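# Fold and geometry: a report
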Amino acid sequence: MFDIKWIRDNPEAFDAGLGKRGLAPLAAQMIALDSNRRAAQTTLQDLQRRRNEASKAIGAAKSRGEDAAAEMAEVQGLKEAFQKLEAEEREHAQALNTALAAYPNTPNEDVPEGADEAANVEIRRWGEKPELSAEARQHFELGEALGLMDFERAAKISGARFVVLSGALARLERALAGFMLDLHTGEFGYTEVAPPILVRENAAFGTGNLPKFAEDLFKTVDDYWLIPTAEMPLTNLVAGDILEEADLPLRFTAYTPCFRAEAGAAGKDTRGMIRQHQFGKVELVSIAHPDRSDEEHERMTDCAEEVLRRLDLHYRTVVLSTGDMGFSARKTFDIEVWLPGQDTFREISSCSNCGDFQARRMNGRFRPDGAKGTHFVHTLNGSGLAVGRTLVAILENYQNPDGSISVPEILRPRMGGMERIG
RNA sequence: GGAGGGGUGGCCGAGUGGUCGAAGGCGACGGUUUGCUAAACCGUUAUAGGGUGUAAAGCCCUAUCGAGGGUUCGAAUCCCUCUCCCUCCGCCA
């Protein structure tokens, strides 16, 4: 959601931002919609003032027991014009708001320009590829051989893109989630939240998933949306609020299931757990002061990376190019973990600074200390981490020649002391 | 699922068609008084939009009493829809 006043004052910057996203200029059109709206509003307000004055006069006359028929007739005469103007104003406002909500966020200055992921820029790399004595196997080969990962049974129950984990792998998933939550709450100051995972339309609008990306989401028969990420409920925690400056930043984390329709992903990552309709994720959300959101963004990304460092998993961090960023983001870091079985880096976390883009959609504000008025907060979200993909990474990186999996040191207490699966 | 009752400013709470953005209280802020504190007294105390203004301030206007429609010259007050909360009954992890 854009600020029409800002577009009015910075039309070139707005169009430049759209250009980086590969979109045509729109500032002139937006400004035209806005001046239509303002013209209609001014006319309407004039009429409203006349009506209010007359009605007050009528009230005053009646309370004195006088006749007010002339004024009543006059206002009644305005009625038709009134309804027409009201409808016009409403239409213009709606047209403008729809337009302001329809386009993706303006990328930050320092975001590399490019059409797609090929233009992403690696900014750091940590750790090393594991030395495997045998040919690296993919996670699903390992999991199925262990008899602890079952796609066929999942298909019987739910169809494609689901999995049944059992035994030590089911426990490993739980251990990972607990480890991540304890790290973020215990060491990084995040507050653990257990949010709803069915949300209403307005929450999905607030984060920018609706109206444009409805086909990516699941919806229940009674109009709830299943969350594709805990970003949705966590960010909407401050919807409609006016916070105190001293409250910022707010940091929330949650472990939730996430649901994605994966429309348009047909044929992609069909084997294994990489792309599922349902997966677990520990999410990080920060509600930040506008002056400190970039710094918070770096901090959040580091919190997510720390999970991989403690699990001793090789990864790299990239800045997404303008063509690869999501709708609401103005800058995004992806963290990609090394998967030996696939011989490639795969996204395991995506950390975005959305600036005031989502805050405007959900009307989340704060009051500066001692000052009058309010400002929109900045919202940030990041995976800390995608638990399913972390489990995949552990299987592939910690595999042994005999098909067993070593349990990472730091998870052993959570696995009842288990050192090896299988 | 059935029956009923509610949603008013930071909080509490009055207000069932007429100059109500809204009494009163509390809280907060500023000031006066006071040796200090307390008390007392005076004042201020929402959000958004539009207009005017180089800008800030100021001034003028409009909207907002859960949300959206409607009735009316006029709606916090009447009607409809939605939403949230509460009470009782039923069901239930």
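## Some points on the side chain of Asp334
On the secondary structure map, Asp334 appears in strand β11 (residues 331-339). Buried Asp334, no salt bridge; nearest opposite-charge side chain is Arg389, N-O distance 7.8 Å. Within the structure, the side chain of Asp334 is placed 2.7 Å from the side chain of Ser350, a separation counted as a polar contact. When residues no more than four places from it in sequence are discounted, the contact partners of Asp334 are Arg316, Thr317, Val318, Leu320, Glu347, Ser349 and Ser350.

## Overview of the domain arrangement of chain A
Taken as a whole, chain A is organised into domain 1 (4-101) and domain 2 (117-421). Distance from the C-alpha centre of domain 1 to the C-alpha centre of domain 2: 43 Å.

## Details of the environment of Arg309
Mapped onto the elements, Arg309 comes out in helix α10 (residues 293-310). Taking C-alpha positions, Arg309 is 7.9 Å from Gly127, a pair spaced 182 residues apart along the chain. Not counting residues within four places of it along the chain, the set of residues in contact with Arg309 comprises Trp126, Asp302 and Tyr315. A distance of 2.8 Å separates polar atoms of two side chains, one belonging to Arg309 and the other to Glu306.

## Description of the protein's contact with RNA strand B
What surrounds RNA strand B is a group of 28 residues, the closest being Gln41, Gln48, Val75, Arg200 and Thr374. Each atom of RNA strand B within 4 Å of the protein belongs either to a base or to sugar and phosphate, the latter forming 78%. Contact between RNA strand B and Gln41: a sugar or linking oxygen at 2.7 Å from a side-chain N or O atom of the residue. Among the secondary structure elements, those contributing two or more residues to the surface near RNA strand B are α1 (4-9), α3 (27-63), α4 (69-101) and β13 (365-367). Considering each element in turn, the surface near RNA strand B owes the most residues, 15 residues, to α3. Across the surface near RNA strand B, the residue classes break down as four nonpolar, ten polar and 14 charged.

Cut-offs and rules
Residues numbered from 1 in each chain as written. Chains lettered and ligands numbered in written order. Predicted model: local features only at pLDDT ≥ 70, side-chain atom pairs only at ≥ 80, totals over all residues. Heavy atoms only, no water. Helix = DSSP H or I, 4+ residues; strand = E, 2+ residues; numbered from the N terminus. Buried < 20%, exposed > 50% of the residue type's maximum accessible area, 1.4 Å probe, protein only. Lys, Arg positive; Asp, Glu negative; His and termini not counted. Salt bridge = Lys/Arg side-chain N within 4 Å of Asp/Glu carboxyl O. Polar contact = N/O pair within 3.5 Å; in protein donor to acceptor, adjacent residues only side chain to side chain. Contact = heavy atoms within 4.5 Å. Domains from an automatic or database assignment. Near = heavy atom within 4 Å. Nonpolar A, V, L, I, M, F, W, Y, C, P; charged D, E, K, R; others polar.

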